Amino acid sequence: YWGADEKIIIGEMGRGIIQISADTSSGTPKLLFPEEGAWYFHPQLLPYKKTLLYTLGSSPRSIWTRSLESPEGKRMIFPGNRALYLPKTGYIIYGLENSLYAFMFDPSKPAPTGASVPLFEGVYRYSSFLSSQFDVSETGTLIYAPSSAVNSSPKRALVWVDRDGNEEQLSVDYREYNQWASP
């Protein structure tokens with residue numbers, strides 16, 4: 001999560017939730033929720049800037065909220081992954097297996113105000129360990145990788161891509177790579 005205040009909040013597997021400044025010259029990372037061994041993913045600071053929405057666990061994962069001032073979190077959905085609060089609609093959208101679901105949410109409480117409803121099926125998920133592959137823009141546009149477009153054992157090449165978009169394929173075997181790197 002990258003906030004308007006130029007603070008970045010990330011989940012670090014096995015360590016907790018960390019807040020860092022987008023300006024690398026200002027300060028050190030702050031450990032918001034230090035929890036040895038916990039697996040945090042996809043944190044999002046909710047409106048009112050007092051509560052985080054996040055995914056927790058290995059497999060199956062669950063969706064939680066937690067006040068920045070509290071040592072305890074509250075599990076909202078089990079199982080589920082990759083939850084996103086959509087402020088323009090008041091919904092939280094999340095993945096479960098290869099489907100997307102949504103429920104009404106009140107960030108001032110913070111709590112669901114309705115039951116989960118299915119949106120649609122067919123969202124790509126590489127394995128039960130990984131999150132559903134989708135995102136939603138601030139304007140509400142949904143983008144996702146359809147499961148029908150990805151075969152069950154994708155063989156890929158590794159390539160370097162420079163800042164101008166030029167690709168250079170590396171001379172390594174085609175495999176099931178799922179990695180990105182940035183300078």
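Rules of the game
- Residues numbered from 1 in each chain as written.
- Predicted model: local features only at pLDDT ≥ 70, side-chain atom pairs only at ≥ 80, totals over all residues.
- Heavy atoms only, no water.
- Helix = DSSP H or I, 4+ residues; strand = E, 2+ residues; numbered from the N terminus.
- Buried < 20%, exposed > 50% of the residue type's maximum accessible area, 1.4 Å probe, protein only.
- Contact = heavy atoms within 4.5 Å.
- Areas by Shrake-Rupley, 256 points an atom, 1.4 Å probe, with all protein chains shown as cover.
- Pairing = 2+ DSSP bridges.
- pLDDT = per-residue confidence, 0-100.
- Axes fitted to C-alpha atoms, helices over the stretch in contact; angles between N-to-C directions.
- Phe/Tyr/Trp six-rings, centres within 6.5 Å; stacked < 30°, edge-to-face > 60°.
- Lys NZ or Arg CZ within 6 Å of the ring centre and 35° of its normal.

1. Some words on the overall build of the chain
- On a plain count of helices and strands, the chain comes out with zero helices and 16 strands.
- Within the chain, the proportion of its 183 residues that are buried is 33%.
- When contacts within the chain are restricted to residue pairs at least 6 apart in sequence, those whose partners lie at least 24 apart make up 29%.
- When the accessible area of the chain is evaluated, it comes to approximately 11500 Å², of which 52% is carbon and sulfur surface.

2. A short note on unusual backbone geometry
- The peptide bond linking Phe 78 to Pro 79 adopts the cis configuration, its omega dihedral lying at -10°.
- A positive phi angle, close to 50°, is found at His 42, a residue other than glycine.
- Tracing the backbone shows His 42 in strand β4 (residues 40–45).
- A positive phi angle is found at Arg 82, which is not glycine, with a value near 55°.
- The topology assignment puts Arg 82 in strand β8 (residues 81–86).
- Look at Arg 82 and you get buried, because its relative accessible area is 12%.

3. Observations concerning the pairing of strand β5 (residues 51–56)
- When you tally the buried positions in β5, you get six out of six residues, the bulk of the element.
- Side-chain alternation along β5 places Thr 51, Leu 53 and Thr 55 on one buried face and Leu 52, Tyr 54 and Leu 56 on a second face that is also buried.
- Across four bridges, β4 lies against β5 in antiparallel orientation. Bridging from a neighbouring strand, Leu 45 pairs with Leu 52 of β5.
- What sits between β4 and β5 in their antiparallel hairpin is a turn of five residues, with Tyr 48 showing a positive phi close to 80°.
- With six bridges connecting them, β5 and strand β6 (residues 62–67) associate as antiparallel partners. For Tyr 54, the partnering residue across the bridge sits in β6 and is Trp 64.
- With antiparallel pairing between neighbouring strands as the criterion, β5 and β6 make up a hairpin whose turn holds five residues, including Gly 57 at a positive phi of roughly 115°.

4. Some thoughts on the confidence of the model for the chain
- Across the chain, the average pLDDT comes to 81, with 89% of residues at 70 or higher.
- Per-element mean pLDDT across the chain ranges from 78 in strand β15 (residues 159–161) up to 93 in strand β10 (residues 99–106).

5. A short note on the sheet that holds β4
- Strand order in this open sheet of four strands is β4-β5-β6-β7, and the pairing throughout is antiparallel. Of all the strands in the sheet, the pair left with one neighbour each is β4 and β7 (73–77). Strand after strand, the sheet turns through a mean of 25° between neighbouring axes, direction not considered.

6. Examining the packing of aromatic side chains
- Here the structure, examined in full by the defined rule, presents six aromatic pairs.
- For the ring pair Phe 120 and Tyr 144, a centre distance of 5.0 Å and an interplane angle of 50° mean the geometry is tilted. Pair noted here: Phe 120 is in strand β12 (residues 117–121) and Tyr 144 is in strand β14 (residues 142–144), with a separation of 24 residues, a long-range link.
- Between the NZ or CZ atom of Arg 61 and the centre of the ring of Phe 41, over which it lies, the distance is 3.8 Å.

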